[in-house]
Amino acid sequence: NATGQFARAKADYEKAIALQPDFAEAYVNQGVLLRNLGNFDDAVANYTKALKLKPALATAHYNLAMMKRFIAGDPQIQTMEQLFENRNLAEEDRVCLGFGLAKALEDVGQYDRSFACLRKANRLQTKRLGYQIDQHRREFEILKRLHSANPQSDAITIRTQDTVRPVLVVGMPRSGTTLTEQILASHSRVHGAGELMTLAQLIQPVLASGYEETSLQNIRPLSQEAYQLLHDQYLAALAALAVPEPIIVDKMPLNFRYLGFFLTAFPEAKIVHCCRDARATCWSNYKTLFPSGGNGFAYDLNNVAEFYQSYLDLMAFWREHYPDQIYDLNYERLTENQEAETRQLLAHCDLAWEPQCLDFHLSTRPVGTASSYQVRQPIYRGSSQAWRHYEAHLKPLLTRLGF
């Protein structure tokens, strides 16, 4: 599932369940796979089966909660509440239950109780991950200094025999990157590759060669050879996907950190930067349990506000150096003027108009992000106002964001 081999994963889960029909965890894993494939009814059936076999299974409660609309009196709410208060449960399980319970309480309009659960779950997750915002403060400073030490990008000449053309979709998590990829991937000439780790894995060692870990004083420019290698290796990784479409979308949101270096290695690349209301973005990060312990900044309101401001600062830095190469796609405008904004997006990517891009929600391509359910629905307005239910609890966040 994690590597995108969905058919093989489905067969493996079916085999595991056939061998051990009472293996609750296998039903949860199969449910996640089915959700990513858009088979929502079957996913819900798997989570429900898991809970029948193992009523205290936190991951089953969480995943089911994310896919159903609760009404007052739903017995699952009381079950999750009792489990969440059990301090003998593993912290990872309590985190799952806290996020699931917060969503359930939001559904039934109990916003204060929902926020209380969310705050507890986020504190537990911050403790589990050991996240420190200092690591991102330092990283963003290094990125700006390294880029400033580089020769002008027009002094770098990249040899290319490109057989595929990359499009990077970047921005804060929860800013519309999955939606944007889904729209682009509905085009006949585009393959949506999802959140590739490739660029970060290739570029971080290159960047590390430009400074000494113990000091930021001795910044060294990156060589043309380093950029050429980055170009060639990244293209080779895309080619290895072996897809027929000539344009491949890489929608790892945090690739915004590397835009200047990427545009030096790929001067003709298309960058789509997803923008969303700051309050909606930060709130949506705080209420999302990201897979694999990623996005550690999201689980604390002060951290998410500081990370957001650092992101804005770095994007302004890139825009100053590459004013014509970064296309800003505004999430709210997209939801309000879907066709006009979609036409502009396609034009930026040098793609001819295809009307099926308006019906992105009908796509059967797998989606493995936190938005896998939302992008199977038509565009809807109003999601950027959801934070207002919690405004009384968000005053420190809003103040830090300048509201």
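Reading the values: the criteria
- Residues numbered from 1 in each chain as written.
- Predicted model: local features only at pLDDT ≥ 70, side-chain atom pairs only at ≥ 80, totals over all residues.
- Heavy atoms only, no water.
- Pairing = 2+ DSSP bridges.
- Helix = DSSP H or I, 4+ residues; strand = E, 2+ residues; numbered from the N terminus.
- Axes fitted to C-alpha atoms, helices over the stretch in contact; angles between N-to-C directions.
- Salt bridge = Lys/Arg side-chain N within 4 Å of Asp/Glu carboxyl O.
- Buried < 20%, exposed > 50% of the residue type's maximum accessible area, 1.4 Å probe, protein only.
- Parallel < 35°, antiparallel > 145°, perpendicular 65-115°, else oblique.
- Left-handed = near helix turned anticlockwise from the far one by under 90°.
- Contact = heavy atoms within 4.5 Å.
- Nonpolar A, V, L, I, M, F, W, Y, C, P; charged D, E, K, R; others polar.
- Disulfide = S-S within 2.5 Å.

Asks: Quick question: what am I supposed to make of the sheet that holds strand β5 (residues 326–330) here?
Replies: Across a sheet, paired strands are connected by hydrogen bonds in the backbone, their directions being either parallel or antiparallel. Taken in spatial order, the 5 strands line up as β2-β3-β1-β4-β5 in an open sheet, and their pairing is parallel. The sheet terminates laterally at β2 (190–192) and β5, the two strands that pair on one side only. For this sheet, the mean inter-axis angle between neighbouring strands, taken without regard to orientation, is 25 degrees. Pairing of strand β1 (residues 165–171) with strand β4 (residues 270–275), which is carried by 5 bridges, proceeds in the parallel orientation.

Asks: Whenever I open this one, the pattern of salt bridges confuses me. Can you help?
Replies: Pairs can form between side chains of opposite charge once their charged atoms are near each other. The final tally for this structure, using the stated rule, is 21 salt bridges. For the salt bridge of Arg333 with Glu341, the shortest nitrogen-to-oxygen distance reads 3.6 Å. Given the relative accessible area of 40%, Arg333 is considered partly exposed. Note that Glu339 and Arg343 form a salt bridge whose closest N and O atoms lie 3.0 Å from each other. Within this pair, Glu339 and its partner Arg343 are both found in helix α16 (residues 338–348), separated by 4 residues, close to a single helical turn.

Asks: Where do I start with the packing of helix α10 (residues 198–208) against helix α11 (residues 224–239) in this structure?
Replies: Any two packed helices are characterised by how steeply their axes cross, that is the angle between the axes, and by the distance between the axes. Direction vectors running N to C along α10 and α11 enclose 160 degrees, while the axes themselves pass 10 Å from each other. On the basis of their axis angle, the class for α10 and α11 is roughly antiparallel. Note that α10 runs across α11; the crossing there is right-handed. Here Thr198, Leu199, Leu202, Ile203 and Val206 of α10 come into contact with α11, specifically with Ala226, Leu230, Gln233, Tyr234 and Ala237. A class-by-class count of the residues in the contact of α10 with α11 yields 8 nonpolar, 2 polar and no charged.

Asks: Help me understand the state of the cysteines in this model?
Replies: As used in these notes, a disulfide is a covalent bond between sulfur atoms, one from each of two cysteines. Applying the stated rule across the entire model yields 0 disulfides. This cysteine, Cys282, is not joined by any disulfide, and Cys275 carries the nearest cysteine sulfur, 13 Å off.

Asks: How do you make sense of the pairing of strand β3 (residues 247–250) when you look at a structure like this?
Replies: It is a general feature of regular strands that their side chains alternate between the two faces of the sheet. Here β3 shows two buried faces, one formed by Ile247 and Val249 and the other by Ile248 and Asp250. The pairing of β1 with β3 spans 4 bridges and is parallel. Considered in β3, the bridge of Arg165 is made with Ile247. Bridging between β2 and β3 involves 3 bridges; their strand directions are parallel. From the neighbouring strand, Val190 faces β3, where its bridge partner is Ile247.

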